[in-house]
Amino acid sequence: MTTIAFIGLGNMGNPMAANLVKAGHAVQGFDLVPENLTVAREHGVTVMADAIAALEDAEVVVTMLPAGKHVLAVYGEIIGQAAKGTLFIDSSTIDVDSARKAHAIASEAGMLSIDAPVSGGVGGAEAGTLTFMAGGSKDAFDRAEPILQPMAGRIVHCGDAGAGQAAKICNNMILGISMIGVGEAFVLAEKLGLSHQALFDVASTSSGQCWSINTYCPVPGPVPTSPANRDYKPGFAAALMLKDLKLAQEAAQGAGAVTPLGAEAMQLYALFNALGHGGTDFSGIIKFLRGDVG
Ligand code: NAD
């Protein structure tokens, strides 16, 4: 049993903390939103008065926060109060620069740290089947792995500080681009009088196959579990896809990478969000491509 401070008990953090409790860990949680604390308490998390109080006897700190500024603020607030050698795991999706800054803050204070963003969404967080993409030293990763296990389906050590965030935004840039490509193909098929099922049957077993068509098909019918079958209820909201595509563009600009399709995907998701569809599943972009949304 390990005592774990868990900061950020929102849509993802709460079910993740619940799985740590189920695995027998003592979880001391804090969030700014009182309703989230009530849910955490129901899951067996010991709710603490603030982030510093959550550190009491903790050997590990997990953060699951909205963006880089929140992670840096929390690290700045608590790092001086943590016992030397405490392991800091940040599972938020944040920009690579902030992730590297967070590692530097932790290392200067004598802590171990990894960035460990996730994919798998709220469903994966509840089921304990998230994919963790980790960046940091081997020592930090080896200590983090058994802590991540009850929340994970897969854990990949991607490299040094920031490598987990880099893997996350590269993966989601592929996803955003491929979903738009698949959406365009279905809209073209509709105009050509080709049925959804026929395009699916061919493309899902031919060179067009990819996760966006085979597992998450953006039209109702061919893949019964995809959000298209429940009026594009997320799933993975378009607002979060836009966030990740923006992070990819920031990283590309900083690193001098040429990513024209990533830039275009970001613009299309920005328009979809601006039209009020940030809460729609990201596969709902097909409605925008079809001209169905106002
Ligand atoms: P969320 O907004 O539901 O949760 C974030 C929580 O952080 C909120 O409850 C907020 O009150 C809390 N918070 C902010 N500042 C705080 C502070 N100083 N101290 C304590 N608590 C603080 O967001 P989420 O959906 O749980 O996502 C969390 C992270 O995971 C984000 O970076 C997101 O991009 C990433 N992510 C989300 C999903 C998803 O499907 N929701 C999937 C993969 C990754």
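Please read all numbers here as calculations on a predicted model, not as lab measurements.

Notes on the nonpolar core
Working step 1: Among the nonpolar cores identified, the biggest contains 31 residues, and Phe6, Met16, Ile89, Ile114, Phe132 and Leu148 are the most heavily contacted of them.
Working step 2: Listed by contribution, the elements that provide at least two residues to this core are β1 (3-7), α1 (13-22), α2 (34-42), β4 (60-63), β5 (87-90), β8 (130-135), α7 (138-148) and β9 (152-159).
Working step 3: Here this core gets five residues from one element, more than from any other, and that element is α7.
Working step 4: Residues within four places of Phe6 in sequence aside, it is in contact with Gly13, Met16, Ala17, Leu20, Val27, Gln28, Gly29, Phe30, Val62 and Met64.

Some details on the packing of helix α8 (residues 163-191) against helix α11 (residues 238-255)
Working step 1: Put simply, α8 and α11 touch, their axes get as near as 9 Å, and they point 120° apart. Pair α8 / α11 crosses with left-handed handedness. Contacts from Lys168, Ile169, Asn172, Met173, Leu175 and Gly176 in α8 reach Met241, Asp244, Leu245, Leu247, Ala248, Gln249 and Ala251 in α11.
Working step 2: Of the residues belonging to the contact of α8 with α11, the class tally is eight nonpolar, three polar and two charged.

What about the side chain of Thr63?
Working step 1: Structurally, Thr63 can be placed in strand β4.
Working step 2: Here the side chain of Thr63 touches Asp90 through a polar contact of 2.8 Å, side chain to side chain.
Working step 3: Setting aside chain neighbours within four positions, we find Thr63 in contact with Ile7, Val74, Tyr75, Ile89, Asp90, Ser91 and Ser92.

Quick look at the packing of α8 against helix α9 (residues 196-203)
Working step 1: Interhelical geometry of α8 versus α9 gives an angle of 130° and a closest axis separation of 9 Å. On the basis of the axis angle, α8 is oblique to α9. Two packed elements cross with a definite hand, and for α8 against α9 that hand is right-handed. In this structure, α8 contributes Ala185, Phe186, Ala189 and Glu190 to the contact, and α9 contributes His196, Leu199 and Phe200.
Working step 2: Here the residues of the contact of α8 with α9 are counted per class, giving five nonpolar, one polar and one charged.

Quick word on a nonpolar patch on the surface
Working step 1: Together, Leu188, Leu192 and Leu194 give the surface a local cluster of nonpolar side chains, amounting to about 310 Å² of exposed area.
Working step 2: One can find Leu194 in the loop between α8 and α9.

Considering unusual backbone geometry
Working step 1: With omega at 10°, the peptide bond leading from Pro234 into Gly235 counts as cis.
Working step 2: Relative to the helices and strands, Gly235 is located in the loop between α10 (211-214) and α11.
Working step 3: Not every positive phi belongs to a glycine, and Asp57 is a case in point at roughly 60°.
Working step 4: If you trace the backbone, Asp57 turns up in the loop between α3 (51-54) and β4.

Looking at the site of the ligand
Working step 1: Not every one of the 22 residues close to the ligand is listed here, only the nearest: Asn11, Met12, Asp31, Asn36 and Lys243.
Working step 2: One nitrogen or oxygen atom from the side chain of Asn36 is found 2.9 Å from an oxygen atom belonging to the ligand.
Working step 3: Thr93 is positioned with one of its backbone polar atoms (N or O) 2.9 Å from an oxygen atom of the ligand.
Working step 4: Protein coverage of the free-state accessible area of the ligand, which is 830 Å², stands at 85%.
Working step 5: Residue composition of the shell around the ligand, by class: twelve nonpolar, seven polar and three charged.

The rules behind these values
- Residues numbered from 1 in each chain as written.
- Predicted model: local features only at pLDDT ≥ 70, side-chain atom pairs only at ≥ 80, totals over all residues.
- Heavy atoms only, no water.
- Core = buried A, V, L, I, M, F, W, Y, C linked by side-chain atoms within 4.5 Å.
- Buried < 20%, exposed > 50% of the residue type's maximum accessible area, 1.4 Å probe, protein only.
- Helix = DSSP H or I, 4+ residues; strand = E, 2+ residues; numbered from the N terminus.
- Contact = heavy atoms within 4.5 Å.
- Axes fitted to C-alpha atoms, helices over the stretch in contact; angles between N-to-C directions.
- Left-handed = near helix turned anticlockwise from the far one by under 90°.
- Nonpolar A, V, L, I, M, F, W, Y, C, P; charged D, E, K, R; others polar.
- Polar contact = N/O pair within 3.5 Å; in protein donor to acceptor, adjacent residues only side chain to side chain.
- Parallel < 35°, antiparallel > 145°, perpendicular 65-115°, else oblique.
- Patch = residues over 30% accessible without salt bridge, like charges linked within 9 Å, V, L, I, M, F, W, Y side chains within 5 Å.
- Areas by Shrake-Rupley, 256 points an atom, 1.4 Å probe, with all protein chains shown as cover.
- Salt bridge = Lys/Arg side-chain N within 4 Å of Asp/Glu carboxyl O.
- Near = heavy atom within 4 Å.

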